[in-house]
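Chain by chain, the residues run as shown.
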Amino acid sequence: MLHQPRTMEASGKLHYRQRQVFFSLFLLTLSVASEVESRRYSVVEEKEDISFVTNLAKDLGLEQRELSKRGVKVISKGNKPPLQLNEETGDLWLNERLDREELCGHTDPCVLRFQVLLESPLDLYQAELQVLDINDHSPTFQDKEIVLKISESSPIGTTFPLKNAHDMDVGENNIDNYIISPNSYFHVITRKRSDGKIYPELVLDKALDREEEAEFRVTLTAQDGGSPPRSGTAQVHIEVLDMNDNAPKFEQPVYRAQVSEDTPNGFLIVTVAATDVDLGVNGEISYSLFQASDDISKTFEIHPLLGEIRLKGQLDFEKIQSYEVNVEARDSGSFSGKCAVLIQILDVNDHVPELTMSTFTSSIPENYPETMVALFSVSDLDSGENGKISCSIPEELPFFLKSSAENIYTLVTERPLDRESRSEYNITITVTDLGTPRLQTQHSLRVQVSDVNDNAPEFSQSSYTLRVRENNSPALHIGTIRATDRDAGSNAQLSYSLLPGPQPGPDAAALLSIHADSGQLFALRALDYEALQAFEVRVRATDQGSPALSSQALVRVQVLDANDNSPFVLYPLQNASAPVTELLPRAAEPGYLLSKVVAVDRDSGQNAWLSFQLLKATEPGLFGVGPHNGEVRTTRPLSERDAPRHRLLLLVRDNGEPPRSASVTLHVLLVDGFSQPYLPLPHAPPQRAPPDRLTAYLVVALAAVSSLFLLSLLLFVALRLCRRRGGPGSLGGVSPPEPHFPGHLVDVSGAGTLSQSYQYEVE
C-alpha cells in the first residue's frame, strides 16, 4: 500500500490536498525575530588569515555561559564562509582569507549566508556575511593592440566603437571611464550598454586626409573608480583608407531572440541582414562578431556571408541568462555598420533539487517531546516554477517538517517516541521541484531511538509456588524466578534479591539465597516439614538504569513431607521401668476389649496413616488387634487350660514409602476376678529397715487402706456375678461400630488420643 506523502510547499502558493507543512509563523517554535530578519555582518576581502566578525552572545542577547550551555553551532553550506565560534566568549572569527572575486565573481553584493543554531531550547538565527570589495584588480584589455580602419571621407563627429576592457572588481572599483592620449583628430566618449557595462567610442574631431597622414597610433586607457585608482592601456592603430561613399546599414538596429538552454549546437538563432548601396566590390558585405567576449565567442558563431547566428556552445541559464551580441557588417572598403542582437536564454527544468544536510542526530532519546533530528537546506539552480521546491516525508512516520527560514527545514519528532514499540526509523526526505517534468531527489536518514529507563522489570506472574521435599541437601536448586525488562542495554540488565515475606515468619535469608544474575533460588539448609510446612519470601528484580526501577513477586515455598518419622506409641508405654500388664478376667466373652494401642506419626498425609498388626502371641488365636484402631480384643472364650500370663507383640506401621514401623509389647494377666492380687512379687526381698514408730504408723495405715480396697473389690465382683446370673449381659461393654476408614489404616493426626470413645456400664 502506498502512503500519500506529507507535503510542504516552499513558495507558499501551490496547495495540495495532502497533509502539508506550510510556511506559517504559528508552526514555528524557533525564534521568530531571528527568522524574519537576517543579521548581516561584513568583512573586507583579502584580510589577514584570522579576523574578528562579531560577538554572537551580545547580538543574541545571551550571557556568555548561556551560549555554551545551550549547545551553539554555526552552520554554512560548503563551509563558506569558514567561520569559527568560541563558545566560551561568544566571539565569531573568520579563520581564513577571503577572495571576493573567487567566491562571487561579478555578483554584487557578495553575500554568504549562514545559520546560528541553538539546540536547547531549539532556536535558529539567520545571518549573512557580506564580503566587501577592495580595488585589487586593474582593468585589462583582451587585445593589447586594436586595429581600426577609417575612411578618409568619414565626416566629423563619426563614432567608431572600440573594444572594452575588463575589471574583476565591482562597484566603484570597476571601470569608470576611458581616455586616449592627446591628438588632433580624435577623442573618446564612454557609453553604457543595456547590461550596465560601459565601452569606449572613438569620435572623429577633424577631417582625415590619407595623403597627409595614412595612419595614427593613440593609447587607450581604461580607469576604474577605486582609491587609489587603477588603470590599463591598449594601443589603437588607426589606418586611414581611401574614399568609400556608403557604409553598410542593417535592416534594424536591434534584433531580439529567445532560445532554451537545452538547445543543441548548430541551432539557428537569428539571421541579421545589412545592405550597402554601393556597387561592385564596395557593396560586398561580410558579417562578424564585434567586441565579442570569451563567453560570446565560445557560445555563438555567425556566417560571414549569410549573417546567420548559430549556437556552437552549451547554454546554461543558471550561469548566464542573456547575451548582447554586437554584429559588424563591413564592406570591402573601410565602411562598416553595427547592430545588437539581444538573446534571452529560457530556463529548462534540467537541475534536480539539491539537499544539503547541515546537522543530523542519528540517535534520539525516547519520551522526549518535539526533538530536532536534522537541519537541512534545499535549493534548485533553476528559476521560476522550475526552481520552486516542495519537501515531504512519509505521512505514517511520527515526524514532521518545519520551515525555519526560506528553503531551510528542520525534521522534528511529532510526539514522544517509544523505543519499546519501534527502535528504528528509516526516513526518506523527498525534494521535488514544480517544473515540467518534475524532478526530485531523495535523501534517506536512519534514526535510532535510544533507550530511556522507563520500564520497570516485569515478572510473568505476581506470585510463584515452589515445592521442595524435606531433608534436602544444602545449596539445592529449588527453582528459578525470572523477570523481563522491555528496555535495552544496561536498563534491561536485572539483578535479583530477597526480601522478607508479607507475613511474619522465619528469616528468609537464613533459608534461601538467590543468584543475583540468573534468579536461581537455592535452599541454604535442610528443611524439616515437621518444623516448617511453608513460608513466603519476596523476590525483587532491579534494573541497572538511572534511576533504577524495580518490581517484586511473591514466592511461596511449600515443604513436602518425607517419611522420615517412625510411628510413636503413646500407650502402652514401652520405656517405663515396669512393663504394662493388662488384666483379663477368665470369664471374658469373645470380643472383650482388653486394651487399645495408641500411636502417632509426626509425618503427614499417607505417611501418617497407621495400621496395626499382631506379630506374636503366647497363645495364637486367643487375641486379635483391629488393623485400623489398634484395639486388642479376645477372639474366643477363655478356658482353664489357657496360661495365666500372655505376652503380645504388636506392630504399628505407617503407609510411607518405604514404610516405617514400631513394635509394642503388651503383657496380659488372666484373673478369676478383680479381687485376685496380680502384682508380681519383687525378684529380691527388700532390705529390712530398723523398726521405728513412724514405720509402724505407715504399716497400720497401709493395712487399713488395703482392707477398704479389698472390701470394695469383693463387693464389686459379687454384684457382677449376680448380674451375670440374672441376664445374658457380659462384663465387657458394647463397643460402638467401627468408624469408616479407607483400607487397613487409621489416621491418628498426631493427636495422641483414642480415635473412638467407649462406654462401660458398672453396676
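Look up: the structure comes first, before these words.
Chemist: What is the right way to look at the overall build of the protein in this model?
Modeler: Counting secondary structure elements, the protein contains seven helices and 53 strands. The buried share of the protein, taken over its 763 residues, is 42%. For the protein, restricting intrachain contacts to residue pairs at least 6 apart in sequence, the fraction spanning at least 24 positions comes to 68%. As presented, the protein carries roughly 41,500 Å² of accessible surface, and 51% of it is formed by carbon and sulfur atoms.

Chemist: In this structure, what is going on with the pattern of salt bridges? I would like to understand it.
Modeler: For side chains bearing opposite charge, pairing can occur when the charged atoms are close. All told, the structure shown has 21 salt bridges when counted by the stated rule. Across the pair Arg-556 and Glu-536 runs a salt bridge whose closest N-O atoms are separated by 3.5 Å. Placement of Arg-556 in strand β43 (residues 550-560) and of Glu-536 in strand β42 (residues 534-543) is noted, with a sequence separation of 20 residues between them. Using a relative accessible area of 24% as the deciding quantity, one classes Glu-536 as partly exposed. Residue Asp-672 pairs with Arg-586 through a salt bridge whose shortest N-O separation is 3.4 Å. Residue Asp-672 is located in the loop between β52 (661-671) and α7 (693-726), and its partner Arg-586 is located in the loop between β45 (581-585) and β46 (593-596); the two are separated by 86 residues in the primary sequence. Assessed through its relative accessible area of 59%, Asp-672 is described here as exposed. Among the charged side chains, a network of salt bridges with common partners joins Arg-40, Arg-113 and Glu-128.

Chemist: Mind showing me how you'd approach a negative patch on the surface here?
Modeler: Side chains of Glu-211, Glu-212, Glu-213 and Glu-215 sit close together on the surface and give a patch of like negative charge. Inspection of the secondary structure puts Glu-211 in the loop between β15 (198-204) and β16 (215-224).

Chemist: Which parts of the structure should I look at to understand the layout of surface pockets?
Modeler: One simple way to see leftover space: roll a probe sized like a water molecule over the atoms. Its volume calculated, the largest pocket comes out at about 1,100 Å³. Surrounding the largest pocket, 39 residues form its lining, His-166, Arg-193, Asp-195, Lys-197 and Ser-293 being those nearest its centre. Counting only elements with at least two residues in the lining of the largest pocket, the list comes to β12 (165-166), β13 (175-180), β19 (254-260), α5 (294-299), β25 (322-331) and β26 (336-346). Here the lining of the largest pocket is built from residues that sort into 13 nonpolar, 14 polar and twelve charged.

Chemist: Would you take a moment to explain the state of the cysteines for this structure?
Modeler: What makes a disulfide is a covalent bond joining the sulfur atoms belonging to two cysteines. Counted by the stated rule, this structure contains one disulfide. Between the sulfur atoms of Cys-104 and its disulfide partner Cys-110 the distance amounts to 1.9 Å. Between Cys-104 and Cys-110, the S-S torsion sits near 60°, and that sign places the bridge as right-handed. Like Cys-104, the residue Cys-110 is buried in the burial classification.

Chemist: Where do I start with the pairing of strand β3 (residues 51-55) in this structure?
Modeler: Every regular strand shows the same layout, with side chains that alternate between the two sheet faces. Most of β3 is tucked away, with four of its five residues classed as buried. Here four bridges tie β3 to strand β6 (residues 91-94), and the two strands are oriented antiparallel to one another. Pairing of Phe-52 across the sheet is with Trp-93, part of β6.

Chemist: Any chance you could explain the nonpolar core here in plain terms?
Modeler: Considering soluble globular proteins, one finds that nonpolar side chains tend to be buried as a cluster. If you look at the biggest cluster of nonpolar residues, it comprises 26 residues, and the most contacted ones within it are Phe-250, Val-272, Tyr-287, Phe-300, Val-327, Val-341 and Ile-343. Leave out the neighbours within four places in its chain, and Phe-250 touches Tyr-255, Val-272, Ala-273, Ala-274, Tyr-287, Val-327, Glu-328, Ala-329, Gly-337, Lys-338 and Cys-339.

Chemist: What is the right way to read the sheet that holds strand β14 (residues 186-192) from this model?
Modeler: Backbone hydrogen bonds hold the strands of a sheet together, and the pairing may be parallel or antiparallel. With antiparallel pairing, three strands are arranged side by side in an open sheet as β11-β15-β14. The sheet is open, and its two borders are formed by β11 (159-161) and β14, each paired with just one other strand. Pairwise comparison of adjacent strand axes, ignoring direction, gives a mean angle of 35° for this sheet. Relative to β15, β11 is paired through three bridges, and the arrangement is antiparallel. Bridge pairing links Pro-161 to Glu-201 in β15.

Rules and cut-offs
- Residues numbered from 1 in each chain as written.
- Predicted model: local features only at pLDDT ≥ 70, side-chain atom pairs only at ≥ 80, totals over all residues.
- Heavy atoms only, no water.
- Helix = DSSP H or I, 4+ residues; strand = E, 2+ residues; numbered from the N terminus.
- Buried < 20%, exposed > 50% of the residue type's maximum accessible area, 1.4 Å probe, protein only.
- Contact = heavy atoms within 4.5 Å.
- Areas by Shrake-Rupley, 256 points an atom, 1.4 Å probe, with all protein chains shown as cover.
- Salt bridge = Lys/Arg side-chain N within 4 Å of Asp/Glu carboxyl O.
- Patch = residues over 30% accessible without salt bridge, like charges linked within 9 Å, V, L, I, M, F, W, Y side chains within 5 Å.
- Lys, Arg positive; Asp, Glu negative; His and termini not counted.
- Charge placed at Lys NZ, Arg CZ, Asp CG, Glu CD.
- 1 Å grid on protein atoms, 1.4 Å probe; cavity = no way out; pocket = protein on both sides within 12 Å on 5 of 7 lines; lining within 4 Å.
- Points joined across faces, edges and corners; volume = space filled by probe spheres on them.
- Nonpolar A, V, L, I, M, F, W, Y, C, P; charged D, E, K, R; others polar.
- Disulfide = S-S within 2.5 Å.
- Pairing = 2+ DSSP bridges.
- Core = buried A, V, L, I, M, F, W, Y, C linked by side-chain atoms within 4.5 Å.
- Axes fitted to C-alpha atoms, helices over the stretch in contact; angles between N-to-C directions.

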